[in-house]
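# Structure at a glance
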Amino acid sequence: MAHRIIFVSCWLTAIACSAVSAQECSAATTDQTCMAEETETSKQKVYPECGVYMAPSTLGETTNMGIYAGSAVQFKRGDEINWPEIAIPLLFREWGNHKVGYVDGEIWDRYIWEGQTANIETYTDTNRLDQRAVFVPGIGCTVNSIMDMCNIESTHGSHYDTAGLHRKRDPGAGASCPYHASNTTALEDIPAGAELFASYGDYWIPEIPGAQITLNATLDEAETWLRSKYYTFVKDHDHSLTDDMKESLWDFVMQDFPIYSKAFSVLPRGVKWKDVEAVMAQVEQSNDKSIVKQFIRKQSIRTIDWLNERGWCQDHIQPKVSTLPQAGHGAFATRNLPKGTVVGYSPLIHIGVHGREIFNVSFSEADPHGKRTQMDLVINYSFGHRNSTILLTPYGGMVNYINHHKQKANVKVRWPDGEKVAHKPSWLKEKTPENLKYTVEKIGLSFEYVALRDISEGEEVFMDYGDEWQAAWEEHVSNWEPVQGSENYIHRTEWKEEHVRTISELATNPYPDNLIVMCTESYGDSGQGSYTFLPVLNELPHRVYCRATKRSESKPYKYEVEMDVRINDKPYTVVVENVPEEGIFLYEKAFAADWHLPNSFRHEIMIPDELFPDIWQNGPWTEERRLYDSEADAQASVDEADAFYDDIDDDNFD
């Protein structure tokens with residue numbers, strides 16, 4: 001940073017001198033003038049009250065949409081933000097890696113979380129993390145990050161809840177996501193109009209072009225430069241700098257400076273130098289108040305009028321158990337919603353050509369239900385069309401809970417009017433599925449969910465998924481039969497027994513086939529010719545198969561167990577004594593839960609014909625169109641992806 005500061009000082013001197021002969025120069029108008037003019041166009045409309053909004057982020061268009069606190073709820077530290085969300089597990093990809101061989105759909109990288117944040121099940125018995133990915137399509141997908149300045153904890157935990165559906169009797173078992181109540185919590189008191197920010201970790205944000213690098217170290221660098229270098233320079237040359245020259249100089253540093261610096265990314269954006277200077281004069285003698293942080297906080301607040309005019313309410317609906325027998329959970333109105341109200345809004349994650357190949361998941365022979373291929377659960381929450389390869393997956397407050405009912409439909413989807421940060425009408429006219437395949441850096445399509453009639457508070461919200469969906473569901477129900485062993489299935493979360501059964505108990509009273517006992521591999525020599533359990537200070541994801549041979553008579557239980565371990569890469573069974581309750585676990589086997597069932601329903605929601613652009617109609621997807629059914633095809637796709645990114649690198653270099 002030191003050599004950049006010296007370079008900047010030289011540039012400041014040069015620019016200041018040249019500005020003397022160009023006094024007519026004035027600071028350019030910024031695009032962030034909404035705070036002064038935002039109420040003018042919104043006074044004529046009456047909007048329903050709202051507690052949470054989605055609107056363009058204060059961090060700029062490169063960060064797309066953001067989530068804001070509304071005025072209907074005053075969020076205090078520890079409060080839950082909005083309604084608990086659905087957490088859809090993803091099988092088609094790992095958390096850190098898109099499906100191998102595909103450029104198409106890589107935009108998904110920006111909209112997923114690690115599975116453990118939402119308490120999603122493992123995909124490997126012996127590793128309780130195993131690169132899981134989860135899609136939390138509300139606050140979890142939309143909220144931005146200013147790293148060390150976050151004001152919420154987003155997307156933590158979930159509860160397994162099938163709403164009473166059981167695989168032994170219900171055709172709807174496995175057709176809807178069972179993970180619910182993923183929470184977002186306020187870490188501080190949040191004023192109305194403030195944008196919500198979560199922590200993405202230190203390594204994610206710096207990779208996004210144009211993002212503010214709000215790490216504490218970077219904020220401190222920016223604060224030091226602003227106070228000790230820039231402000232000092234301006235004061236030292238105050239006699240020779242006019243107000244217009246100061247504004248031109250500040251404008252140059254903020255917009256046109258030729259060297260990138262992480263510290264520059266957090267300097268006050270979209271404000272005039274006179275405003276920065278006024279604040280600095282007030283706190284010049286203070287060492288405990290950050291000017292940089294003060295401006296970031298100030299610039300992250302919008303008025304409710306601005307949010308009503310430029311944003312969409314995200315808490316008009318909430319999740320509850322659906323009134324439909326096989327639907328699981330549904331969406332219910334939280335307030336009276338007049339006809340024409342935009343009940344929900346959702347940007348759309350697009351896949352242009354290979355969506356059904358990407359979402360198609362292969363299961364091995366080791367899977368509890370055998371070797372097969374099956375569409376990932378997320379297909380049930382995505383939109384498609386009979387005559388196109390395009391798939392669009394929505395994210396927005398609770399819209400993924402809206403169920404199908406042709407006769408009772410009280411909302412419909414439509415494209416928003418005009419250009420928005422997350423909706424580009426030109427995409428509907430100009431972008432083919434092939435174009436969308438290579439559009440991997442930007443969301444450009446959105447749906448509004450509009451009330452077809454007045455909807456009363458507490459009423460369930462439905463939409464029409466289309467005739468193809470209806471026919472597919474009816475066929476599924478007519479052909480459905482429970483899988484073998486369904487009558488004995490009990491999910492781990494519904495298992496009430498407090499102790500782990502011993503080998504002798506299991507001989508006459510075995511667990512259901514979907515449950516398995518695992519242990520933490522931590523033991524040492526007791527000094528008496530046996531092994532004893534060693535306490536674990538930090539929880540580790542690794543587990544080993546084990547069996548309890550003995551159990552103490554009273555709580556807290558202690559166990560003697562046989563652990564299946566590997567020593568020098570060879571399998572051994574060791575007997576470990578004094579294993580506490582926190583060292584032995586009853587788990588759901590990997591891939592045993594309902595949403596992995598081979599007979600579970602899968603079908604995309606159908607986009608209405610009147611909304612679907614002609615340019616997207618590239619013919620129906622069929623099995624015959626599958627491009628990735630051989631190693632040669634897969635390698636060709638890898639080569640295509642490599643060439644695509646080589647071209648991007650060359651363009652950036654040029």
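Here the structure is a predicted model, which means the values were calculated and not measured.

## Re the overall build of the chain
Across its full length, the chain carries 14 helices and 29 strands. Residue burial in the chain is summarised as follows: out of 654 residues, 53% are buried. Sequence-distant contacts in the chain: of pairs separated by 6 or more residues, those separated by 24 or more amount to 76%.

## Comments concerning the state of the cysteines
Tallied over the entire structure, the rule returns two disulfides. The partner cysteine of C50 in its disulfide is C313, sulfur to sulfur 2.2 Å. Because the sign of the S-S torsion sets the handedness, a value of about 100 degrees for the bond joining C50 and C313 places this disulfide among the right-handed ones. Of the two residues, C50 is situated in the loop between helix 2 (34-37) and strand 1 (52-56) and C313 in strand 10 (residues 312-313); the sequence distance between them amounts to 263 residues. Residue classification places C50 among the buried residues on the basis of a relative accessible area of 1%. You can call C313 buried: its relative accessible area is 8%. The residue that forms a disulfide with C519 is C546, at a sulfur-sulfur distance of 2.1 Å. Residues C519 and C546 share a disulfide whose torsion about the S-S bond is about 80 degrees; that sign makes it right-handed. Taken as a pair, C519 in strand 22 (residues 515-519) and C546 in strand 25 (residues 544-551) lie far apart in primary sequence, 27 residues in all. For the chain, numbering the cysteines in disulfides from first to last along the sequence yields the connectivity 1-2, 3-4.

## Focus on the sheet that holds strand 28 (residues 584-588)
Strand pairing in a sheet relies on backbone hydrogen bonds. The paired strands run either parallel or antiparallel. The seven strands are arranged 23-24-27-26-25-22-28 in an open sheet whose pairing can be described as mixed. Every interior strand has two partners, whereas the edge strands, strand 23 (523-525) and strand 28, have only one. Sheet twist, expressed as the average angle between the axes of neighbouring strands with direction ignored, equals 45 degrees.

## Notes on the packing of aromatic side chains
A complete count under the given rule lists 29 aromatic pairs for this structure. Centroid distance W108 to F359: 6.2 Å. Interplanar angle 75 degrees. Geometry classified as edge-to-face. One end of the pair, W108, is in the loop between strand 3 (88-90) and strand 4 (113-114); the other, F359, is in helix 9 (residues 355-359), with 251 residues separating them in the sequence. Across the pair, exposure class does not vary: W108 and F359 are buried alike. Ring centres of W225 and F264 lie 4.9 Å apart, and the angle between their planes is 55 degrees; on these two criteria the pair is classed as tilted. Here the residue W225 occupies a position in helix 4 (residues 216-236), and F264 occupies one in the loop between helix 5 (243-256) and helix 6 (273-283), the gap between them amounting to 39 residues. What links up through ring pairs into an aromatic cluster is the set W225, Y230, Y231, W250, F264 and W273. If you follow R302 out to its NZ or CZ, it ends over the ring of W306, 5.1 Å from the centre. The ring of F332 is capped by K320, whose NZ or CZ atom sits 5.8 Å from the centre of that ring.

## As for the pattern of salt bridges
Inspection of the entire model under this criterion finds 26 salt bridges. Across the salt bridge formed by R335 and D315, the nearest N and O atoms sit 3.0 Å from each other. Residue R335 is found in the loop between strand 12 (329-333) and strand 13 (342-351), and its partner D315 is found in the loop between strand 10 and strand 11 (317-321); the two are separated by 20 residues along the sequence. Of the charged contacts, one joins E459 and R453 as a salt bridge, the two residues approaching to 2.5 Å between their closest N and O atoms. Among the charged side chains, a network of salt bridges with common partners joins E49, D315 and R335.

## What to know about the packing of helix 5 against helix 6
Closest axis-to-axis distance for the helix 5/helix 6 pair is 9 Å, and the angle between their directions is 95 degrees. Viewed along their axes, helix 5 and helix 6 adopt a mutual orientation that is roughly perpendicular. Packed against helix 5, whose contacting residues are K246, E247 and W250, the element helix 6 presents W273, K274, V276 and E277 at the interface. Taken together, the residues of the contact of helix 5 with helix 6 sort by class into three nonpolar, no polar and four charged.

## Re the confidence of the model for the chain
Overall, the prediction assigns the chain a mean pLDDT of 85, with 84% of residues at 70 or greater. Here residues 1-9 is modelled with pLDDT under 50, and outside its nearest four sequence neighbours on either side it reaches 14 contacts, counting other chains as well. Per-residue pLDDT stays below 50 along residues 627-634; that stretch engages in eleven contacts with residues further than four places along the chain or on separate chains.

## Quick notes on the nonpolar core
Within the largest apolar cluster, 99 residues are counted, with the highest numbers of intra-cluster contacts made by W108 and F359. Sorting elements by how many residues they give to this core places strand 13 first, with five residues. Setting aside its immediate chain neighbours within four residues, W108 contacts L90, F92, R93, F135, I349, I351, F359, V378 and T393.

## Notes on helix 4
An α-helical turn contains 3.6 residues, so any two residues separated by three or four positions project in the same direction. Between its first and last C-alpha atoms helix 4 spans 29 Å; for 21 residues at 1.5 Å apiece the expected length is 30 Å, and the two agree. Most pronounced at L226, the bend in helix 4 amounts to some 35 degrees. Inspection of helix 4 places T218, L219, A222, E223, W225, L226, R227, Y230, Y231, F233 and V234 among the buried residues, and these make up the whole buried set.

## What about the pairing of strand 21 (residues 460-463)?
Neither face of strand 21 is exposed, since E460 and F462 on one face and V461 and M463 on the opposite face are all buried. Sheet topology note: the strand 12/strand 21 ladder contains two bridges and is antiparallel. The partner of F332 across the bridge, within strand 21, is E460. Two strands pair when backbone bridges link them, and strand 18 (residues 403-404) and strand 21 are joined in this way by two bridges, in the parallel orientation. When the bridges of strand 21 are listed, H404 appears paired with M463.

## Section: helix 6
Inspection of helix 6 places W273, V276, V279, M280 and V283 among the buried residues, and these make up the whole buried set. One side of helix 6 holds all its buried residues, which, seen down the axis, span an arc of 130 degrees. Structural note: helix 6 exposes K274 and Q282 on the side pointing more than 90 degrees away from its buried face. Where helix 6 is buried, its residues contact helix 4, helix 5 and helix 7 (291-299).

## Some points on the packing of helix 4 against helix 5
Contact geometry of helix 4 with helix 5 gives a least axis separation of 12 Å together with a crossing angle of 145 degrees. Both helix 4 and helix 5 take part in a crossing whose hand is right-handed. Residues W225, L226, Y230, F233 and V234 of helix 4 lie in contact with helix 5, whose contacting residues are K246, L249, W250 and V253. Its residues assigned to classes, the contact of helix 4 with helix 5 comprises eight nonpolar, no polar and one charged.

Criteria and thresholds
- Residues numbered from 1 in each chain as written.
- Predicted model: local features only at pLDDT ≥ 70, side-chain atom pairs only at ≥ 80, totals over all residues.
- Heavy atoms only, no water.
- Helix = DSSP H or I, 4+ residues; strand = E, 2+ residues; numbered from the N terminus.
- Buried < 20%, exposed > 50% of the residue type's maximum accessible area, 1.4 Å probe, protein only.
- Contact = heavy atoms within 4.5 Å.
- Disulfide = S-S within 2.5 Å.
- Pairing = 2+ DSSP bridges.
- Axes fitted to C-alpha atoms, helices over the stretch in contact; angles between N-to-C directions.
- Phe/Tyr/Trp six-rings, centres within 6.5 Å; stacked < 30°, edge-to-face > 60°.
- Lys NZ or Arg CZ within 6 Å of the ring centre and 35° of its normal.
- Salt bridge = Lys/Arg side-chain N within 4 Å of Asp/Glu carboxyl O.
- Parallel < 35°, antiparallel > 145°, perpendicular 65-115°, else oblique.
- Nonpolar A, V, L, I, M, F, W, Y, C, P; charged D, E, K, R; others polar.
- pLDDT = per-residue confidence, 0-100.
- Core = buried A, V, L, I, M, F, W, Y, C linked by side-chain atoms within 4.5 Å.
- Expected span 1.5 Å × (residues − 1).
- Bend = angle between axes of the 7 residues up to and from the residue.
- Arc of directions from axis to C-beta.
- Left-handed = near helix turned anticlockwise from the far one by under 90°.

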